[in-house]
Amino acid sequence: MRTVIALLSPGQGAQAPGMLAPWLEVPGTDDLLSACAEAAGLDLRTLGTGADAETIKDTAVAQPLIVSASLLSLHALQAALLTREASLAGTSDWVDIAAGHSVGEFAAAVAAGVLIPTEALHLVGVRGAAMAEAAARAETGMSAVVGGQPAEVEAALAAHDLVGANVNGGGQVVAAGLLTDLRALEADPPARARVIPLAVAGAFHTSYMSPAVQAVQAVADGLSPADPSLRLLSNAAGNTIASGSEALAALVAQISSPVRWDLCQEAMVTAEVTAAVELAPAGVLTGLARRNMRGVETVALKSPDDLDAAVDLIIRTRSTRES
């Protein structure tokens, strides 16, 4: 039986007050957070341990916080694995596939060895600030469309000049565009569908974010990314990224392009993924996996208390592969 392990990194909206605090109790994470905070140009320690929900909802804050949480939990998981199984010295020794939703793709790129943590956080710091600035230029937003027939949902979005900015599978699409058009969709939803406004600053992953693309590209041009050390999926189409330059280009382009998490999940099913671990702040992607990737065993790293379960799953999955 083939066994494949996937590492998942969540996107914006997964943040919660105090989410970094428990991870800072793990040895080595304190120094990593300090480096990430300096690279991002934010006091991530204070924001991730004491700031309230309204403060960390700010796009410029949420994005670096989420990626930092993912990288702290990745560091903690790696240390826990090394303690239990010395042969698992690097991420590529136990992960087969890495994928990230929206800004989570930056953490996935670090896991795949394309970027180092400080490079990723510098890019994400610029990304968050630039996207917040782009969002302020027009009254835009996003709404979840839950249920309905895919063709009818797509037609309704087009009729209201909206874009499916996140297609998550399982009947979940996030529409994005002008607030007036989103309100019109809410008043006239597709058959058997609900339209739920989301508390976000603007129409992310649409052409409204084009100014942010230029800002991040200017920083990305100064980097020399490495080729992926494991299979890295692009959230634009679920395709496998072949090189470091392709990975960096994808990270820049996805700012104004839809996230096709449904296609990432299809790629993982085709690759016969049997186990998935979601980095902090975890829960959303493992929830989608349970609905759309039947039979896949999952662990969400919500706190260090979940490390043992993740280590057990990884070692058990590898043992099944080798037997």
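Above this text you will find the structure in question.
The paragraphs below set out a description of the structure included in this document. These numbers come from a predicted model, not from an experiment.

Conventions and cut-offs
The residue numbers shown here count from 1 along each chain, following its written sequence. Restriction of local features to residues with pLDDT of at least 70 applies here, the model being predicted, together with a cutoff of 80 or more for giving and counting side-chain atom pairs; totals for whole chains, interfaces and linings are based on all residues. The side-chain numbers reported here are obtained from all heavy atoms of the structure, hydrogens and water having been left aside. Strands are runs of DSSP state E lasting at least two residues, helices are runs of H or I lasting at least four, and both sets are numbered from the N terminus onward. A helix is expected to reach a length of 1.5 Å times the quantity of its residues less one. Only protein chains enter the accessibility calculation, which uses a 1.4 Å probe; a residue is then buried when its area is under 20% of its type maximum, exposed when over 50%, and partly exposed in between. Here a polar contact means two N or O atoms within 3.5 Å. Within protein one must be a hydrogen donor candidate and the other an acceptor candidate, and residues neighboring in sequence count only if both atoms are side-chain atoms. Here, a salt bridge means any side-chain nitrogen of Lys or Arg that lies within 4 Å of a carboxyl oxygen of Asp or Glu. Here, nonpolar core means buried Ala, Val, Leu, Ile, Met, Phe, Trp, Tyr and Cys residues that are tied together by side-chain atoms lying within 4.5 Å of each other. Any pair of residues with heavy atoms lying within 4.5 Å of one another is described as a contacting pair. When DSSP finds at least two bridges between two strands, those strands are taken to pair. Fitting a line to C-alpha atoms yields each axis, with helices limited to the stretch in contact; the angle taken between N-to-C directions then spans 0 to 180 degrees. It is the directions from the helix axis to the C-beta atoms whose arc is reported.

1. Quick look at helix H4 (residues 59-84)
- Relative to the 38 Å expected for 26 residues at 1.5 Å per residue, H4 spans 38 Å between its end C-alpha atoms, a close match to the ideal helical length.
- Burial within H4 is extensive, with 21 of its 26 residues counted as buried.
- Two to three positions downstream of the cap, the backbone nitrogen of Ala60 sits 3.1 Å from a side-chain oxygen, assigning the N-cap of H4 to Asp58.

2. Some points on the pattern of salt bridges
- In this structure the tally under the stated criterion is six salt bridges.
- For Asp30, the salt bridge goes to Arg45, with nearest N and O atoms at 2.6 Å. Of this pair, Asp30 sits in helix H1 (residues 29-40) while Arg45 sits in helix H2 (residues 44-49); the two residues are 15 residues apart in sequence, bridging distant segments of the chain.
- Taking the relative accessible area as the measure of exposure, Asp30 reaches 36% and is therefore partly exposed.
- With a closest N to O distance of 3.1 Å, Arg316 and Glu297 form a salt bridge. Taken together, the positions of Arg316 in helix H13 (residues 307-322) and Glu297 in strand S9 (residues 297-300) put the pair 19 residues apart, joining distant regions of the chain.
- According to the relative accessible area criterion, Glu297 is partly exposed, its value standing at 39%.

3. Concerning the nonpolar core
- Ranked by size, the top nonpolar core spans 82 residues in total, and within it Leu77, Trp94 and Leu115 carry the most contacts.
- In this structure Leu77 touches Trp94, Val277, Leu301, Leu307, Ala310, Val311 and Ile314, once residues within four positions along its chain are discounted.
- In this structure, Leu8, Leu233, Trp261 and Ala267 belong to the second largest nonpolar core, which totals 19 residues.

4. What to know about the sheet that holds strand S5 (residues 172-178)
- Strand order in this open sheet of four strands is S4-S5-S3-S6, and the pairing throughout is antiparallel. Each edge of the open sheet carries a strand with a single partner, namely strand S4 (163-169) and strand S6 (193-197). The sheet shows a mean angle of 25° between the axes of neighbouring strands, direction not considered.
- In this structure, strand S3 (residues 140-147) lies alongside S5, joined through seven bridges in antiparallel fashion. Counterpart to Gly141 in the pairing with S5 is Gly177.
- Most of the contacts of helix H8 (residues 179-187) go to S5, to which it runs at about 135°, and overall it touches S3, S5 and S6.

5. Notes on the pairing of strand S2 (residues 97-100)
- Both faces of S2 are covered, namely the face carrying Ile97 and Ala99 and the face carrying Ala98 and Gly100.
- Examined bridge by bridge, strand S1 (residues 4-9) and S2 share four bridges and lie parallel to one another. Looking across to S2, one finds that Leu7 is bridged to Ala98.
- Relative to strand S7 (residues 231-232), S2 runs parallel, the two being bridged by two bridges. Within the sheet, the bridge partner assigned to Ile97 lies in S7 and is Arg231.

6. A look at the sheet that holds S9
- Overall, parallel pairing links the five strands, which are arranged S7-S2-S1-S8-S9 in an open sheet. Lying at the two open borders of the sheet, with one neighbouring strand each, are S7 and S9.
- Contacts between helix H5 (residues 104-111) and the sheet are confined to S1, S2 and S7, with S2 contributing the most and set at about 155° to the helix.

7. So, unusual backbone geometry
- Looking along the chain, the bond that leaves Ala280 and enters Pro281 is cis, with omega of -5°.
- Looking at the secondary structure, you find Pro281 in the loop between strand S8 (273-278) and helix H12 (284-292).
- Its identity is not glycine, yet His205 carries a phi of approximately 60°, on the positive side.
- Topologically, His205 is positioned in the loop between S6 and helix H9 (210-220).
- Positioned with a positive phi, Glu272 is a non-glycine residue whose angle comes to about 65°.
- When you line up the elements, Glu272 lands in the loop between helix H11 (261-270) and S8.

8. Describing the environment of Thr59
- Positionally, Thr59 belongs in helix H4.
- Distance from Thr59 to Pro190, taken between C-alpha atoms, is 29 Å for residues 131 residues apart in sequence.
- In this view, Thr59 contacts Gln12, Pro64, Gly128, Met131, Ala132, Ala201 and Phe204; residues no more than four positions away in its chain are not counted.

9. Overview of H8
- Burial in H8 covers these residues: Asp181, Leu182 and Leu185. For H8, the angular spread of the buried residues around the axis is 100°, confining them to a single face. Those residues of H8 that are exposed and angled more than 90 degrees off the buried face are Thr180, Arg183 and Ala187.
- Among the structural elements, S3, helix H7 (150-159), S5 and S6 are those in contact with the buried residues of H8.

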